[in-house]
Amino acid sequence: MYLKRIFSCLMCVGLVMNLWVSVLSAAELETEELFPRVEAVSFESASLKKTKRAVVVLPEEWQSIKPAERRTLVILHGRGRHERSLIDDKLIRQQLLDSGLFVILPDGDDGWYINSPERKQDVYETYLEEVLAIVSEQYELPTSQKQWAIAGWSMGGFGCVRFAERHPGRFAAVSSIIGLLDFPRSGLPEGQSYKVPVDRFGSDEAVWKQFNPIHGAEKLRGTSVLIITADQAFDRTMNEQFRDRLIALGLPHQFVELKGGHTFSVVRAAIPLVLIHTQRVLQRN
């Protein structure tokens, strides 16, 4: 019965791995309380073949919330950050705790949340599927996309939009903060580009196109989209071009330009907007 429940969960989140890869018994999961209602879940990742962990922020009296009504937000961190970056910030931690959402913060390393064409062992898209399956099982999270949203900043903004595109219908809302949404590519204006990590993406620009979220924007149809950039951020042109692509496709969205650069202070200012957007969409559902 236990294995049957896990199998059902894995299929519902679209995990494309063999059953034996992601089935973990309760004994193989380790949980640690980092702060009240903030837990770290550690496990041996079958996809990356190393120990990984995710941080989970829990709503007040979460165990009394019916599983079918557990609204969940996944937030992907930026390059050089980690799964604790948001909850180690006292202000953001409290905002997440007050949101009423189950918040999942995976550790994405420097993997760009993609299955790298260069580093065949770095299957970070598959790993993210694995994380969501494991945390969903551990906290009895619903399988309906109406109760799920995904967000991220910088590298995580790229990752959350691309992951939503790769899993159409999986999330009701997606929010990108200073994300690299027209990337990897060349030809951007000076000061509005970012060096492509060729050790991850390779050097073939035809392959880059396969990973660039702007080319998969159509897959966001039916998803509530929030794009946040900043007036002095190097990602601004990328976000404006992604916005223009959504307009061309006739896809409704919100576009917000904050004051500042490609900085964590902008992330801090944007988190409340992401939470409002997520709560509005998921509560409507």
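The structure this text deals with has already been given above.
Just so it is clear, the structure is predicted and the values come from calculations on it, not from any experiment.

1. A short note on the packing of aromatic side chains
Applying the stated criterion across every chain yields a total of 15 aromatic pairs. An angle of 80 degrees between the planes, with centres 5.8 Å apart, marks the rings of Y124 and Y127 as edge-to-face. With Y124 and Y127 both in helix α4 (residues 124–139) and three residues apart, the pair spans about one turn of that helix. Measuring from ring centre to ring centre gives 6.0 Å for W153 and F264, while their planes differ by 70 degrees; the resulting arrangement is edge-to-face. Pair noted here: W153 is in strand β6 (residues 148–153) and F264 is in helix α9 (residues 264–284), with a separation of 111 residues, a long-range link. For W153, a relative accessible area of 5% gives the class buried. Joined through ring pairs, the aromatic side chains of W112, F158, F183, Y194, F201, F211 and F234 make up one cluster. If you follow R170 out to its NZ or CZ, it ends over the ring of F171, 5.2 Å from the centre.

2. Section: the packing of helix α3 (residues 90–97) against α9
One can describe the packing of α3 onto α9 by two numbers: an axis separation of 11 Å at closest approach and a directional angle of 10 degrees. Judged by the inter-axis angle, α3 sits roughly parallel to α9. Together, L91, I92, Q95 and L96 of α3 and F264, R268, I271, P272 and L275 of α9 make up the contact between the two elements.

3. Let's talk about the pairing of strand β2 (residues 38–45)
Every other side chain in a regular strand lies on the same face of the sheet, so the side chains alternate between the two faces. With six of its eight residues buried, β2 lies for the most part within the structure. When strand β1 (residues 30–35) meets β2, the two strands line up antiparallel, connected through five bridges. Among the inter-strand pairings, F35 is bridged to a residue of β2, identified as V38. The pairing of β2 with strand β3 (residues 50–57) spans eight bridges and is antiparallel. Residue pairing for β3: A40 is matched across the bridge by V55. Once β2 ends, the chain turns through four residues before running back antiparallel as β3, passing K49 with a positive phi of about 60 degrees.

The rules behind each value
- Residues numbered from 1 in each chain as written.
- Predicted model: local features only at pLDDT ≥ 70, side-chain atom pairs only at ≥ 80, totals over all residues.
- Heavy atoms only, no water.
- Phe/Tyr/Trp six-rings, centres within 6.5 Å; stacked < 30°, edge-to-face > 60°.
- Helix = DSSP H or I, 4+ residues; strand = E, 2+ residues; numbered from the N terminus.
- Buried < 20%, exposed > 50% of the residue type's maximum accessible area, 1.4 Å probe, protein only.
- Lys NZ or Arg CZ within 6 Å of the ring centre and 35° of its normal.
- Axes fitted to C-alpha atoms, helices over the stretch in contact; angles between N-to-C directions.
- Parallel < 35°, antiparallel > 145°, perpendicular 65-115°, else oblique.
- Contact = heavy atoms within 4.5 Å.
- Pairing = 2+ DSSP bridges.

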